[in-house]
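Summary of structural features
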Amino acid sequence: MENLMDKVVSLAKRRGFIFPGSEIYGGLGGTWDYGPAGALLKKNLKDSWWKDLVQLRGDIVGVDAAIMMNPKAWEASGHTQAFVDPLVECKLCHERYRADHADEIALHEKKHKGKTVDWTEPRQFNLLVRAYLGVVEGAQSEIFLRGEITNGAQVNFKNVLDSTRVKIPFGVAQIGKAFRNEITPGNFTFRSREFEQMEVQFYIKPEEKEGKKWFDYWKKNRMAWYVGLGMSKKNLRFRDHADDERAHYARAATDIEYKTPWGWQEFMGIHHRGDYDLARHQQYSKVDLRYRDPYTGEAYLPWDIETSAGVDRSILFLLIDAYHEEGERVVLKLHRTLAPYKVAVFPLLANKPQLVEKAREIYDTLKPHYMVAWDERGNIGKRYFAQDEIGTPYCVTVDFESVEDKKVTVRDRDTMRQERFDINELIDYLQQKLRL
Ligand code: GAP
């Protein structure tokens, strides 16, 4: 019996959500490409995140910083020194693993059945991906691809203060790519070498009470957001980091974890970064990064409560959570705001011009509002099942009666109920159902 993960990976490939990176060349470990359905799902997730945090709130502004930064920024943020994982090598076959991933080590040892497996002593392996910039061969400068998107927000703290009217407490939101030379990428997109993050750096007064208040606030806020997107509560939990596992910048850290088919795993992190980043960037850049309170005139370095989520990891967990089998049919019960296509339109028969024409009219009318799929192949049952697999909430069919009575059949993905609707009322009906 295929397990859930195999089914999700296979559906993701078959229906155009996620493909292995550079597949025709044999792939590139830890990289993934999003197909037509996946690119839409990813865009909807990021738009929904942005809407929730930037558009609907008054206290968070967005930035979109460069991936390539002056290498001093990475020295200042501590990444050149401390962005490391402990690496061990199997002395039998020279495969490398993370010393702190006991399950992967045990699995590897099983492969050498009957033999004693010796490992090298753990050594600290830096995860930053290096690149070379410049046009003169041999005189290029080494830079780093960002290992987390955070630095781009931190180095623009003063620019944001000077160009907007934000007042503490306020946040800086950003979505973008990050790169890590992961020792063992794996579990599909879960641990990749190129991935995307969605983060808010939320700056507050540097007081213990404020720190605790906002740390708790953001934990609850982020959990509620995922639950609001339809994720099953029983598959989500908080896990506080122990003192010895916190990142070098964090005073406190809690993960939201998801119950995957291979156990509870980190979904996203909430980190109390204190004034670590601003203090270090102030020290290394020699630019005054203090915030001046507009009422009291007091100048201080604020503390930062960060929420950091992986876009790709969210997509993976949303796919796993949404995957349902109901008898013969496979249905992705994705939240309507995330579904790649909101509606699919079908003419009952492809070779009846009056049906195709009417269906095209409806398709063209709906298209300006959201992504609409078109399908005229095979029988209606197969078309419904194909849309169920990519999570399309509604299917609209134009049949022979539609030409006479100006009504269409609307079929609901989750209940499979079919209702006849007046074509003139269709947009209002769908708009209300989809509440976009
Ligand atoms: N700025 C804080 C930060 O980057 P992190 O816990 O290292 O913290 C935050 O990463 C989130 O980014 C993780 O919870 C996960 O969702 C995602 N992430 C981290 N490494 C990843 C990887 N190798 N592949 C996919 N997603 C990753």
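Above this text you will find the structure in question.
This section reports on the structure supplied with the text.

Each value, and the rule that gives it
Within each chain, residues carry numbers counting from 1 in the order of the written sequence. A pLDDT threshold of at least 70 governs which residues receive local features in this predicted model, and a stricter bar of 80 or more applies before side-chain atom pairs are shown or counted, although totals over entire chains, interfaces and linings include all residues. In computing side-chain values, all of the structure's heavy atoms are included and hydrogens and water are not. In this text, helices come from DSSP runs of H or I with a minimum length of four residues, and strands from runs of E with a minimum of two, each type numbered from the N-terminal end. Being near a molecule or strand, for a residue, means having at least one of its heavy atoms within 4 Å of it. By the criterion applied in these results, polar contacts are pairs of N or O atoms within 3.5 Å in which, for protein atoms, one can donate a hydrogen and the other can accept it, and in which residues neighboring in sequence qualify only through two side-chain atoms. Here the Shrake-Rupley method, with its probe set to 1.4 Å, supplies the accessible areas, and only the displayed protein chains count as covering residues. Cavity means a closed set of points on a 1 Å grid over the protein atoms alone, one where a 1.4 Å probe fits but cannot get out, pocket means an open set with protein on both sides within 12 Å along at least 5 of 7 lines, and lining means a residue has an atom within 4 Å of a point. Whether a molecule lies in a cavity or pocket depends on its atoms, and more than half of them have to be within 2 Å of the grid points. Residues were grouped as follows: Ala, Val, Leu, Ile, Met, Phe, Trp, Tyr, Cys and Pro as nonpolar; Asp, Glu, Lys and Arg as charged; and all remaining residues, including Gly, as polar. DSSP bridges decide pairing: two strands pair if at least two such bridges lie between them. Geometry is summarised by axes, namely lines fitted to C-alpha atoms with helices restricted to the contacting stretch, and by angles between N-to-C directions that run from 0 to 180 degrees. Grid points are joined across faces, edges and corners, and a volume is the space filled by probe spheres set on the points.

Thoughts on the environment of Arg165
- Within the secondary structure, Arg165 is located in the loop between α7 (157–163) and β9 (170–179).
- Between the C-alpha atoms of Arg165 and Val356, which are 191 residues apart in sequence, the distance is 54 Å.

Some details on the site of the ligand
- Every one of the 22 residues lining the ligand counts as a neighbour, but Glu148, Glu199, Glu266, Phe267 and Glu306 are closest to it.
- Ser192 is positioned such that a nitrogen or oxygen atom in its backbone is 2.8 Å from a nitrogen atom of the ligand.
- Between an oxygen atom of the ligand and a side-chain N or O atom of Glu266, the distance comes to 2.5 Å.
- The fraction of the free accessible surface of the ligand (550 Å²) that becomes covered by protein chains is 94%.
- When each cavity is represented as a set of grid points, the ligand is found to reside in the largest pocket.
- When contributions to the shell around the ligand are tallied by element, the ones reaching two or more residues are β10 (194–204), β13 (263–274) and β16 (303–310).
- Element by element, the count of residues in the shell around the ligand is highest for β13, at six residues.
- Across the shell around the ligand, the residue classes break down as five nonpolar, eight polar and nine charged.

Side note on the sheet that holds strand β21 (residues 394–398)
- Strands sit in the order β20-β19-β21-β22-β23 across an open sheet of five strands; the sheet is mixed. Strands at the two margins of the open sheet, each flanked by one partner only, are β20 (372–374) and β23 (418–422). For this sheet the average axis-to-axis angle between neighbouring strands, irrespective of direction, equals 30 degrees.
- Judged from the three bridges that link them, strand β19 (residues 343–347) and β20 form a sheet pairing that is parallel. Note on β20: the bridge partner recorded for Val345 is Trp374.

Observations concerning the layout of surface pockets
- The volume enclosed by the largest pocket comes to roughly 1,500 Å³.
- Forming the boundary of the largest pocket are 49 residues, of which Asp85, Arg98, Arg180, His241 and Glu266 lie nearest the centre.
- Elements supplying a minimum of two residues to the lining of the largest pocket: β4 (84–89), α5 (102–111), β10, β12 (252–260), β13, β16 and α10 (311–322).
- The greatest single-element share of the lining of the largest pocket, amounting to seven residues, is contributed by β13.
- In terms of residue class, the lining of the largest pocket is made up of 17 nonpolar, twelve polar and 20 charged.

Remember that the coordinates give geometry; whether it matters functionally is a separate question.
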